Amino acid sequence: MKHTVIKKERLSQKASSIQPSGIRRFFDLASKMDNIISLGVGEPDFVTPWNVREASISSLERGFTAYTANAGLPELRQAISHYMEQRYRVHYNPEEEILVTVGASEAIDIGMRAILDPGDEVIIVEPTFVSYAPLVTLAGGVPIPVGTNAENHFEVNPADIEKVITEKTKAIMICYPNNPTGASLNRRKLEQIAAIIQKHNLLVFSDEIYSELSYDDEHTCFSELPDMKEQTIVINGFSKAFAMTGWRLGFVLAPPDLLQAMLKIHQYSLMCAPTMAQYGALEALLHGMEDVEKMKLSYQQRRNYFVKTANEIGLPCHKPSGAFYAFPSIKHTGLSSEAFAEKLLLEERVAVVPGAVFGEGGEGHIRCSYATSLKNLEEALNRIGRFLKKHDWQKRT
Ligand code: PMP
């Protein structure tokens, strides 16, 4: 294996201090094995609907190959504004409150860079998406984790947030429906968080990239809560609901002062999101909602199957209300999530992600993506059932 010699003195302290993604490390191991069933990947198993691909192809045929406006195609920002108005009755001015980004990932990055000074703290509700803490660190901030647990359905206890607020706290990062737990937050819970935001005059990053994949309840956008728009940076994008991960297209909504600061950073580091991808996204927003609904129904069926069968084979699993992840408990096995995932991979060739990589509250769980065919799910659960039985780890609930 090729070994990278790290000459530490060449690297910044920030770059040295962050670790490679725990998910990637694990999948490098899986990629060298045969006959693997993967419940590991965090992306849809659908190809982007044809009309969206066609709109993008057509933009190339028409010769739209130059940069767009830095903030994104005006028609796309207009469509995003219309979508927010229709869905959540919250108005965003396309001229100064909407920025089209290179995935939600860029939105999180430039959002952090726009608000953080060295030493500023960002409270991150965990377990959650692996990028938040490193992006806070890279922006010079300090991530402060607040854990949640299965007993509380992975819903944050607002008092736990309040406990860790200091004079350095700048923002709170929340994600619902959540990666990896699938948990969502209802309006009442969001209002409790909003009260803390208001009391301490903080900002909130609300990552709502799975908003369209909410199965049980209507999704509430954080900025539609009374007086919250002024304090909220909403992150969303096309990767998940529209099955467009490879297109690298997201968007961020924020009050003008914050958005204009993000736009400056975006302007210098990215210039604009890819033009052909923006034409595809425009088509997705204007004519893609029926397809989103179909894909959502399909994930929902797979969720129901996975959760029911997991519990039947002795793998205790709460019912996630959104996204496409289940987060069963493996606490009763006595193994760490990393050890469990590795043993499962080596003995039964099923790839899952150890819960510990998602931060506080993640240990004792594994993340299983059910965005794969029912046939794969069936085979994976067969293998997991055999594995649990062999080691006498079937938990009867
Ligand atoms: N937020 C969450 C919660 C995610 O799960 C992901 C992708 N796994 C992202 C953001 C990044 O999405 P994008 O592809 O739009 O960069």
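Sequence order as written defines the numbering, with residues in each chain counted from 1. Local features in this predicted model are restricted to residues of pLDDT 70 or higher, and side-chain atom pairs are both shown and tallied only at a pLDDT of 80 or more, whereas totals for entire chains, interfaces and linings draw on every residue.

Omega for the peptide link from Tyr176 to Pro177 comes to -15 degrees, which places this bond in the cis form. Mapped onto the elements, Pro177 comes out in the loop between β5 (169-175) and α8 (187-199). Omega for the peptide link from Asn179 to Pro180 comes to 20 degrees, which places this bond in the cis form. Look at Phe154: it is not a glycine, yet its phi comes out positive at around 60 degrees. Helix and strand assignments follow DSSP, with helices taken as H or I runs no shorter than four residues and strands as E runs no shorter than two, numbered in order from the N terminus.

Our focus in this paragraph is the pairing of strand β3 (residues 121-126). Counting buried positions along β3 gives six out of six residues, so the element sits mostly inside the fold. On β3, burial covers both faces: Glu121, Ile123 and Val125 on one face and Val122, Ile124 and Glu126 on the other are all buried. Pairing analysis gives six bridges linking β3 to strand β4 (residues 142-147), with the strands arranged parallel. Bridge pairing in β4 places Glu126 opposite Gly147. Here is how to tell: hold the view so the strands point away, follow the path from the first strand over the helix to the second, and if it runs clockwise the crossover is right-handed. In the classification by handedness, the crossover that spans β3, the intervening helix α6 (residues 132-138) and the parallel β4 is right-handed. Here a residue counts as buried when 20 or more other C-beta atoms sit within 10 Å of its C-beta, as exposed when there are 12 or fewer, and as partly exposed otherwise, the C-beta atoms being derived from the backbone. For two strands to be treated as a pair, DSSP must find at least two bridges joining them.

Turning our attention to the packing of helix α4 (residues 74-88) against helix α10 (residues 275-287). Interaxial angles span 0 to 180 degrees and are taken between N-to-C directions of axes, which are lines fitted to C-alpha atoms, for helices over the stretch in contact. Running from N to C, α4 and α10 cross one another at 30 degrees; their axes reach a closest spacing of 9 Å. On the basis of the axis angle, α4 is roughly parallel to α10. The element α4 and its partner α10 pack so that their crossing is left-handed. Contacts between α4 and α10 involve Glu75, Leu76, Ala79, Ile80 and Tyr83 from the first element and Gln278, Ala281, Leu282, Leu285 and Leu286 from the second. Put simply, Ala, Val, Leu, Ile, Met, Phe, Trp, Tyr, Cys and Pro go in the nonpolar bin, Asp, Glu, Lys and Arg in the charged bin, and everything else, Gly too, in the polar bin. Looking at the contact of α4 with α10, its residues break down into eight nonpolar, one polar and one charged. Angles below 35 degrees are treated as roughly parallel, those above 145 as roughly antiparallel, those between 65 and 115 as roughly perpendicular, and all remaining angles as oblique. Note on convention: the crossing is left-handed when the near helix lies turned anticlockwise from the far helix by less than a right angle, right-handed when the turn is clockwise. Each residue is represented by a C-beta atom placed from its backbone, and any two residues with such atoms within 7 Å are regarded as in contact.

Time to look at the site of the ligand. Taken together, 13 residues sit near the ligand, with Gly103, Ala104, Ser105, Asn179 and Ser239 positioned nearest. Here the residues of the shell around the ligand sort into four nonpolar, eight polar and one charged. A molecule or strand has a residue near it when that residue's C-beta atom, placed from backbone coordinates, lies within 6 Å of it.

In a beta sheet, neighbouring strands pair by backbone hydrogen bonds and run either parallel or antiparallel. With antiparallel pairing, three strands are arranged side by side in an open sheet as β9-β12-β11. In this open sheet, the two edge strands, each paired with only one partner strand, are β9 (325-326) and β11 (353-354). Both β11 and strand β12 (residues 366-369) contribute to a ladder of two bridges, which runs antiparallel. For Pro354, the partnering residue across the bridge sits in β12 and is Ile366.

Turning next to helix α3 (residues 50-61). Over its twelve residues, α3 extends 16 Å from the first C-alpha to the last, a length consistent with the 16 Å expected when each residue adds 1.5 Å. Those residues of α3 that fall on the buried side of the exposure criterion are Val52, Ala55, Ser56 and Ser59. Relative to the axis of α3, the buried residues are bounded by an arc of 95 degrees and lie together on one face. Every exposed residue of α3 that faces more than 90 degrees away from the buried side is listed here: Trp50, Leu60 and Glu61. Where α3 is buried, its residues touch α10. Positive phi appears at Gly63, one or two residues downstream of α3, with a value of about 85 degrees. Expected helix span is given by 1.5 Å per residue-to-residue step, counting one fewer step than there are residues. For this quantity, the arc is that covered by the directions from the helix axis to the C-beta atoms.

Further remarks concern the UniProt feature "domain: Aminotransferase class I/classII large" (unreviewed entry) in the chain. In this structure's numbering, the residues bearing the UniProt feature "domain: Aminotransferase class I/classII large" (unreviewed entry) are residues 35-384. Between the end C-alpha atoms of residues 35-384 there is a gap of 14 Å, over a span that is 40% helix and 14% strand. UniProt positions are given in the numbering used here, feature names are shortened, and annotations may be inferred rather than shown by experiment.

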